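# Notes for the structure review
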Amino acid sequence: MRNKVYIETYGCQMNVADTELVMGILKKNGYEITKDADNANVVLLNTCSVRENAEQRIYGRLGNFKNMKNSKPELVVGILGCMAERLRQDLVEDKKIVDVVVGPDEYRHLPELIDAAFNGGKGIGVRLSRTETYDDIIPYREDGLQAWISVMRGCDKFCTFCVVPFTRGRERSRFLGSVVDEVRQLSMRGFREVTMLGQNVNSYKDNENDFADLLAAAAQVDRRMRIRFTTSHPQDLSDKLLYTIAEHPNVCNYIHLPVQSGSDRILRLMNRTYNIEQYLGLIEKAKKIIPGVSFSTDIISGFPTETYEDHVMTLDVMREVRYDGAYMFKYSPREGTKAYKMEDDVSEEIKTKRLQEIIELQQQISFEKNRELIEMEEIVLVEGKSRKSDEFLTGRTDTNKVVIIPSHENIKEGSYVKVKINRATSATLFGEFVDFVYPDENKIALTA
Ligand code: 5AD
Ligand code: SF4
């Protein structure tokens, strides 16, 4: 039987969600999913093009599969996702490593394209679509507590450094009703947290419904289910959305709001459409409307023409906002983008040095912020045993911080517990159980 598929996923959470869609499509067409590449007839890599080193890693991995194919010639090797859009020519025609190349808007055709490869041809589908949202496809998800739901696809922002508008195409949104149904199904299966995903999730639009309406509708499905969302562009974070987050206790008080740089000049070159004064104004407003809200961000160091002064402005913004967390990157030129035409004039050495300073500052801020929580009580959704020891459980706060507490037989995966924090590092909080939050089947006195 030629029906065992192995998939590896790289890059952002949108790709994780897309892999679940792909598995849904393939399972419906009679394929089995295997976690063992040696056991598979089809090997797929769902890829990322956002930075050069992501692509390099994937090329390395493809080398392994090429070796595997030498000893098993009938193996079909395929590339999905952003690299499929960018490098189809190189992958299929020049390097001849892969049999199937399918971009993010053509997953529906994957079964036929794999068939074409089994029949000795190449399966290629790289057209981008203005309408494809996979609204009717049921993603394949293993049971668990946390699920990703992609609610919109593509991006119309065209930040000058970013390849996403070219690899994932224009913005388009799913129907509100279908997303809410998906949340309901997940709730019935015992999921306790969903993250609404989109490259620019705040520009979600289904006729008269905007992203705030979608969040409100999803939050009402099951009050025990936490709702998160990512990524927010500062330009589209509306007051209505902030009030909606504040109004619904199960919508997490946590906003991922990429700033990218602290320098207005660099932000203009990046086409980010805001300046730092506006960005900080937004943060202030969010803090007023949503008490206890916390933020994370993305930062790029070494964008073309970035000076030491620009870099210091980025450090200043970090100190001002005091992010809970940050994803920090060195600028990587991407062919086809506007910034690619600018000279990549910050040396690798300086990029590395600046990035290091950014990372160190963020670690210090995270550590200070975590230490401020000592002696405080936090509500934690318990996710399971800690990776390091069965004697401890791990969970997360509303603001997405990892908390470790001692195990107890009555505290189950999916329980909400009140925890008193007694120790903190920059990455983790440690605490003691105080009480169960919901009066439910778990509510048995721990000392009984
Ligand atoms: N170089 C470095 N970082 C990038 N990002 C996007 N494109 C690039 C690039 N060319 C970062 C941005 C974005 C995150 C997902 O990846 O910070 O918010
Ligand atoms: Fe890329 Fe900017 Fe769109 Fe984010 S908002 S996906 S960084 S173009």
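Scroll up to find the structure.
Residues numbered from 1 in each chain as written. Chains lettered and ligands numbered in written order. Predicted model: local features only at pLDDT ≥ 70, side-chain atom pairs only at ≥ 80, totals over all residues. Heavy atoms only, no water.

In terms of strand pairing, strand S15 (residues 294-301) meets strand S16 (residues 325-330) through 6 bridges, oriented parallel. By the bridge assignment, Ser-296 is partnered in S16 with Gly-325. Handedness of the crossover joining S15 and S16 through helix H11 (residues 308-321) is recorded here as right-handed. (Pairing = 2+ DSSP bridges. Helix = DSSP H or I, 4+ residues; strand = E, 2+ residues; numbered from the N terminus. Right-handed = clockwise from strand over helix to strand, strands pointing away.)

Another aspect to go through is the site of ligand 2. Residues in contact with ligand 2, as listed here, are Cys-155, Lys-157, Phe-158, Cys-159, Phe-161, Cys-162, Val-164, Pro-165, Gln-199, His-233 and Arg-272. Within the shell around ligand 2, the residues separate by chemical class into 7 nonpolar, 2 polar and 2 charged. (Near = heavy atom within 4 Å. Nonpolar A, V, L, I, M, F, W, Y, C, P; charged D, E, K, R; others polar.)

Now for the pattern of salt bridges. Pairing between side chains becomes possible if they bear opposite charge and their charged atoms approach one another. By the definition in use, this model includes 40 salt bridges. With a shortest N-O distance of 2.9 Å, Asp-236 and Lys-157 are connected by a salt bridge. Placement of Asp-236 in the loop between strand S13 (226-230) and helix H8 (239-247) and of Lys-157 in the loop between strand S8 (152-153) and helix H5 (164-167) is noted, with a sequence separation of 79 residues between them. In this pair, the class of Asp-236 matches that of Lys-157, namely buried. (Salt bridge = Lys/Arg side-chain N within 4 Å of Asp/Glu carboxyl O. Buried < 20%, exposed > 50% of the residue type's maximum accessible area, 1.4 Å probe, protein only.)

Of the pairings in the sheet, the one linking strand S1 (residues 4-9) to strand S2 (residues 32-33) comprises 2 bridges and is parallel in character. Bridge pairing in S2 links Val-5 to Ile-33. One crossover worth recording links S1 to the parallel S2 by way of helix H1 (residues 13-28), and it is right-handed. Sheet topology note: the S1/strand S3 (residues 42-47) ladder contains 5 bridges and is parallel. Directly across from Val-5, in S3, lies its bridge partner Val-42.

So, about the sheet that holds strand S14 (residues 254-256). Taken in spatial order, the 3 strands of this open sheet run S14-S15-S16, and their pairing is parallel. The open sheet has two edge strands with one neighbour each: S14 and S16. Along the sheet, successive strands turn relative to each other by an average axial angle of 10°, direction set aside. Each of S15 and S16 is contacted by helix H12 (residues 348-371), which is oriented at about 175° to S16, the strand it contacts most. (Axes fitted to C-alpha atoms, helices over the stretch in contact; angles between N-to-C directions. Contact = heavy atoms within 4.5 Å.)

With respect to the helices and strands, the residue Glu-306 is situated in the loop between S15 and H11. C-alpha of Glu-306 to C-alpha of Ser-263: the two residues are 43 residues apart in sequence and 8.8 Å apart in space. In this view, Glu-306 contacts Arg-265, Ile-266, Ile-300, Ser-301, His-311, Val-346 and Arg-354; residues no more than four positions away in its chain are not counted. Reaching out from Glu-306, the side chain makes a polar contact with the side chain of Arg-354 at a distance of 2.9 Å. (Polar contact = N/O pair within 3.5 Å; in protein donor to acceptor, adjacent residues only side chain to side chain.)

Moving on to the site of ligand 1. Neighbouring ligand 1 are Val-50, Arg-51, Phe-161, Gln-260, Asp-298, Ile-300, Phe-329, Lys-330, Tyr-331, Ser-332 and Arg-334. Side-chain polar atom of Asp-298 to an oxygen atom of ligand 1: 2.6 Å apart, as the coordinates give it. Residue Ser-332 places a main-chain N or O atom 2.7 Å away from a nitrogen atom belonging to ligand 1. Coverage of ligand 1 by the protein amounts to 85% of the 400 Å² it exposes when considered alone. Contributions of two or more residues to the shell around ligand 1 are made by S15 and S16. Taken together, the residues that form the shell around ligand 1 break down as 5 nonpolar, 2 polar and 4 charged. (Areas by Shrake-Rupley, 256 points an atom, 1.4 Å probe, with all protein chains shown as cover.)

This brings us to the sheet that holds strand S10 (residues 193-197). Within a sheet, each strand pairs with its neighbour through backbone hydrogen bonds, oriented either parallel or antiparallel. Ordered in space as S7-S10-S13, the 3 strands form an open sheet in which the pairing is parallel. This sheet does not close on itself; its edge strands, each paired only once, are strand S7 (146-150) and S13. Strand-to-strand, the axes of this sheet are offset by a mean angle of 25°, without reference to chain direction. Here S7 runs beside S10; their pairing, made up of 5 bridges, is parallel. Each residue of the ladder has a partner; that of Trp-148, found in S10, is Thr-195.

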